[in-house]
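Read off the chains here:
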Amino acid sequence: MSSSAPQDTGHRLWSVDEHLADVLSAVRPLEPIELQLLDAQGCVLVEDVTVPVALPPFDNSSMDGYAVRTADVQGASEEFPAVLTVVGDVAAGSGELPTVGPGEAARIMTGAPLPPGAEAVVPVEWTDGGTGGGAAAGMTPASAAPEHAGGEVRVHRAAEARAHVRARGSDVQAGDLALAAGTVLGPPQIALLAAIGRGTVRVRPRPRVVVLSTGSELVQPGEALTSGTIYDSNSFALAAAARDAGAIAYRVGAVADDADTLRATIEDQLIRADLLVTTGGVSVGAYDVVKEALSSVGQSDAGEGEGQDVDGGRMDFRKLAMQPGKPQGFGTIGPDHTPLLALPGNPVSSYVSFELFVRPAIRALMGLPESEVRRPSVRAVLSADKALGSPAGRRQFLRGKYDPESGTVAPVGGSGSHLIAALAHADSLMVVPEDVTSVEPGTELEVILLG
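Computed from a prediction, not measured in an experiment: that's the story for all the values here.

Enquirer: Whenever I open this one, the sheet that holds strand β9 (residues 104-108) confuses me. Can you help?
Expert: The strands that make up a sheet pair up through hydrogen bonds in the backbone, lying either parallel or antiparallel. Across the sheet, which stays open at both edges, the five strands sit in the order β10-β7-β9-β8-β11 with mixed pairing between neighbours. Across the chains shown, the open sheet's two edge strands, defined by having one partner strand only, are β10 (120-123) and β11 (152-155). If you compare each strand with its neighbour and ignore which way they point, the axes differ by 40 degrees on average. Relative to β9, strand β7 (residues 65-68) is paired through four bridges, and the arrangement is antiparallel. Within β9, the residue paired with Y66 across the bridge is R107.

Enquirer: How should the sheet that holds strand β4 (residues 44-45) be read in this particular structure?
Expert: Taken in spatial order, the three strands line up as β3-β14-β4 in an open sheet, and their pairing is antiparallel. Each edge of the sheet is formed by a strand with only one pairing partner; in this case those strands are β3 (33-36) and β4. By the bridge criterion, four bridges tie β3 to strand β14 (residues 200-204) in an arrangement that is antiparallel. Within β14, the position partnered with Q36 by the bridge is T200.

Enquirer: Please clarify how unusual backbone geometry should be interpreted in this entry.
Expert: Glycine aside, a negative phi is what most residues show, and trans is what most peptide bonds show. That bond from L55 to P56 is cis: its omega, -10 degrees, falls within 30 degrees of zero. The topology assignment puts P56 in the loop between β5 (49-50) and β6 (60-61). Residue P324 is reached from Q323 by a cis peptide bond, and omega for that bond is -5 degrees. At H164, a position not held by glycine, the phi torsion is positive, near 60 degrees.

Enquirer: Hey, could you run me through the packing of helix α1 (residues 16-25) against helix α7 (residues 347-366) in this one?
Expert: Each pair of packed helices gets described by two things: the angle between the helix axes and the distance between those axes. Contact geometry for α1 and α7: axes closest at 10 Å, N-to-C directions at 30 degrees. Comparing their axes, α7 and α1 come out roughly parallel. At the point where α1 passes α7, the crossing takes the right-handed sense. Residue-level inspection shows V16, H19, L20, V23 and L24 of α1 in contact with α7, the latter providing L356, F357, P360, A361 and A364. Residues of the contact of α1 with α7, tallied by class, amount to nine nonpolar, one polar and no charged.

Enquirer: I'm lost on the packing of helix α4 (residues 234-245) against α7 in this one. Help?
Expert: Between α4 and α7, the least distance of the axes is 9 Å, while the angle of their chain directions is 30 degrees. If you check the angle between α4 and α7, you find them roughly parallel. The crossing of α4 and α7 is right-handed. Of the residues in α7, those in contact with N234, L238, A241, A242, D244 and A245 of α4 are P347, S350, Y351, F354, R359, I362, R363 and M366. Taken together, the residues that form the contact of α4 with α7 break down as nine nonpolar, two polar and three charged.

Enquirer: Mind showing me how you'd approach the nonpolar core here?
Expert: A general trend in soluble globular proteins is that nonpolar side chains are found buried together. If you look at the biggest cluster of nonpolar residues, it comprises 42 residues, and the most contacted ones within it are L275 and I362. Those elements giving two or more residues to this core turn out to be α1, β15 (208-214), α4, β19 (275-279), β24 (338-343), α7 and β29 (428-432). Looking at which element gives the most residues to this core, the answer is α7, with twelve residues. Setting aside anything within four residues of it in sequence, one finds I362 in contact with P207, V209, A242, A245, A247, L275 and F354.

Enquirer: When you look at the side chain of T443 in this model, what are you seeing that I'm missing?
Expert: With respect to the helices and strands, T443 occurs in the loop between β30 (436-439) and β31 (444-449). For T443, a relative accessible area of 14% corresponds to the buried category. A polar atom in the side chain of T443 sits 2.7 Å from the backbone oxygen of E440.

Enquirer: What is the right way to look at the packing of aromatic side chains in this model?
Expert: For any pair of aromatic rings, the description rests on two quantities: the centre-to-centre distance and the angle between the ring planes. Enumeration over the complete set of coordinates arrives at zero aromatic pairs. Here the basic side chain of R12 rests over the ring of W14, its NZ or CZ set 4.5 Å away from the ring centre. The ring of W126 has R157 sitting right over it, with the charged end atom 4.0 Å from the ring centre.

Enquirer: So what exactly am I meant to see when it comes to the pattern of salt bridges here?
Expert: Side-chain pairing between opposite charges can occur once the charged atoms of the two side chains come close. This structure, assessed with the given rule, holds 17 salt bridges. The salt bridge partner of R162 is D59, with a shortest N-O separation of 2.9 Å. Placement of the pair is R162 in the loop between β11 and β12 (165-166) and D59 in the loop between β5 and β6, with a sequence separation of 103 residues. Relative accessible area serves as the criterion here: at 39%, R162 is assigned to the partly exposed category. For R375, the salt bridge is made with D244, and the minimal N-O distance between the two is 3.3 Å. Highlighted residues: R375 in the loop between α7 and β25 (377-382) and D244 in helix α4, separated in sequence by 131 residues. Classification of R375 as buried rests on a relative accessible area of 14%. Because the salt bridges share partners, they merge into one network encompassing D244, E355, R359 and R375.

Enquirer: How should the confidence of the model for the protein chain be read in this particular structure?
Expert: The predicted structure's coordinates, where accompanied by low pLDDT, should not be read in detail. On average, residues of the protein chain score 87 in pLDDT, and 87% of them reach the 70 mark or higher. Long-range and interchain partners of residues 2-10, a stretch whose pLDDT sits below 50, account for eleven contacts in this model, where long-range means more than four residues apart. Within the model, the stretch residues 296-306 combines pLDDT values under 50 with 23 contacts to residues more than four positions away or in other chains.

Enquirer: What should I look at first to understand the pairing of strand β23 (residues 327-333) in this one?
Expert: A regular strand carries its side chains on alternate faces of the sheet. Burial analysis of β23 places six of its seven residues in the buried class, the great majority of the element. The pairing of β23 with β24 spans five bridges and is antiparallel. If you follow G331 over to β24, its bridge partner there is L340. Remark: four residues form the turn of the hairpin made by β23 and β24, two consecutive strands paired antiparallel; G334 in that turn has positive phi of roughly 80 degrees.

Calculation criteria
- Residues numbered from 1 in each chain as written.
- Predicted model: local features only at pLDDT ≥ 70, side-chain atom pairs only at ≥ 80, totals over all residues.
- Heavy atoms only, no water.
- Pairing = 2+ DSSP bridges.
- Helix = DSSP H or I, 4+ residues; strand = E, 2+ residues; numbered from the N terminus.
- Axes fitted to C-alpha atoms, helices over the stretch in contact; angles between N-to-C directions.
- Parallel < 35°, antiparallel > 145°, perpendicular 65-115°, else oblique.
- Left-handed = near helix turned anticlockwise from the far one by under 90°.
- Contact = heavy atoms within 4.5 Å.
- Nonpolar A, V, L, I, M, F, W, Y, C, P; charged D, E, K, R; others polar.
- Core = buried A, V, L, I, M, F, W, Y, C linked by side-chain atoms within 4.5 Å.
- Buried < 20%, exposed > 50% of the residue type's maximum accessible area, 1.4 Å probe, protein only.
- Polar contact = N/O pair within 3.5 Å; in protein donor to acceptor, adjacent residues only side chain to side chain.
- Phe/Tyr/Trp six-rings, centres within 6.5 Å; stacked < 30°, edge-to-face > 60°.
- Lys NZ or Arg CZ within 6 Å of the ring centre and 35° of its normal.
- Salt bridge = Lys/Arg side-chain N within 4 Å of Asp/Glu carboxyl O.
- pLDDT = per-residue confidence, 0-100.

Laid out in structure tokens, this is it:
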């Protein structure tokens, strides 16, 4: 791994870490709200939840069979079965329960409460099912009893005390901690909350992220391309990435290269945005509409990289010492100082910028701990046919395929910021530090896992 001193470009270059720190310093977790359980899926719990009632709340059967006293089936076999009188049926949800006395049994279904007097459950397969024949294959429906399943039952095997009985509180006890604050509520957590009787829960809501792309050349997928046009992939990629990060994403169709139109679109979207993300129009071209739109309010004559006052907020357009993704914009806009991240328009630059800066902002809005804000990273050995070049003074992020078994990572596609096909086959980003210009095969690198 060879090194070189950073080059002086004549402009202030922000490091990746400085830019991310600036973004996160302006992001505050959303205020907690009370939500219905299904509405809380994907949200972060803001309070410890304790168990008000034991689970299960009563002793119940884990089998379809017969509730018995152990003494009555002691020594039972197929040759010498225990013959018991069936005193009733116990189904899940049963209210009044029959009492099982000496020489008696009660038909019982899975999940039904253990009746008084019973000490164990014998599976129906250990009995004749009350038919007087051989071993039963299953329970006779209650609607058919007692003609074919009542009267007497022959038990062919003994049962120990508490056999096939789920004990009250064997899952959780009353007063136990069910879920700790900071838990992201997925399907199993929603199930637990419902099981302990919680109809609502206090959480930080999922952030609402509005994604819009800019460019008069952009056409929506499904429409016909004309000369000089391309399909808008960035807004789809970033909206999907926002959902993957845990947000509610709103994708806005591509906005033409007109500053007034873009500014009006952004203002219209503020009402439903906790975070705004634009892609395109932040470089130094003549049609860089995002810079024009957001710089035309307030101090429009400020120099590049300096703050712009925008409707009570402030925008900065800056250059980062990274590749891809050198041009970036960040600030807050509108009366609520809504964060806005302006990403470059090249597809790979846009996606890499999202992973490095937007995703952490979304996770911070959710109120997740710092350890869960960024993507996890590992160290892996470069597997490649030749050395990888990297520009001096830039932190480069190359698409890679990570093999956890061998601990290696291989490059996918070239380094061009337009090569979106390679991005679709990558599962990681290989990080080449700023002071490194060449990475030889066999070198250990930091690898950011995207999956």
